[in-house]
Amino acid sequence: MEMPNEIVRKKVYEGWASFVKSLEESVATLEKEIDFTSKMVNACTLEWCEATERAIDDISNSLFSISEPSWLSAEDSKKLKMLKRKVHDVYARYKAAADKR
């Protein structure tokens, strides 16, 4: 029989893992959009730049507000740190594309 703290930890971990996976997918989608748009001439419109910056802000706020649980595995901790680094890289690519306007 599972103890209550094990049940809670399992449920919290499942929710945490799902949330991080969704953030990873969102960052990957945004990265592809930025890479695609940066290759097009005049595609980086003011509207696109504002929408992209809002999306990056939303992802960053969500990602950097996650507290790292003490029971998090080293692998998951590394994944979270890599994702934070990737958001910085995506933002840098966005700024380079936006500066082309």
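Okay, so let's go over this structure. (Residues numbered from 1 in each chain as written. Predicted model: local features only at pLDDT ≥ 70, side-chain atom pairs only at ≥ 80, totals over all residues. Heavy atoms only, no water.)

### Notes on the packing of helix α1 (residues 4–38) against helix α2 (residues 46–64)
In the contact formed by α1 and α2, the axes pass within 11 Å of each other and the chain directions differ by 155 degrees. When the axes of α1 and α2 are compared, the pair comes out roughly antiparallel. Here the hand of the crossing between α1 and α2 comes out left-handed. Residue-level inspection shows Phe 19, Leu 23, Ser 26, Val 27, Leu 30, Glu 33, Ile 34 and Thr 37 of α1 in contact with α2, the latter providing Trp 48, Thr 52, Ala 55, Ile 56, Ile 59, Ser 62 and Leu 63. (Axes fitted to C-alpha atoms, helices over the stretch in contact; angles between N-to-C directions. Helix = DSSP H or I, 4+ residues; strand = E, 2+ residues; numbered from the N terminus. Parallel < 35°, antiparallel > 145°, perpendicular 65-115°, else oblique. Left-handed = near helix turned anticlockwise from the far one by under 90°. Contact = heavy atoms within 4.5 Å.)

### So, the side chain of Thr 52
Following the sequence through the fold, Thr 52 ends up in helix α2. Among all residues touching Thr 52, those that are not within four sequence positions of it are Leu 30, Ile 34 and Tyr 94.

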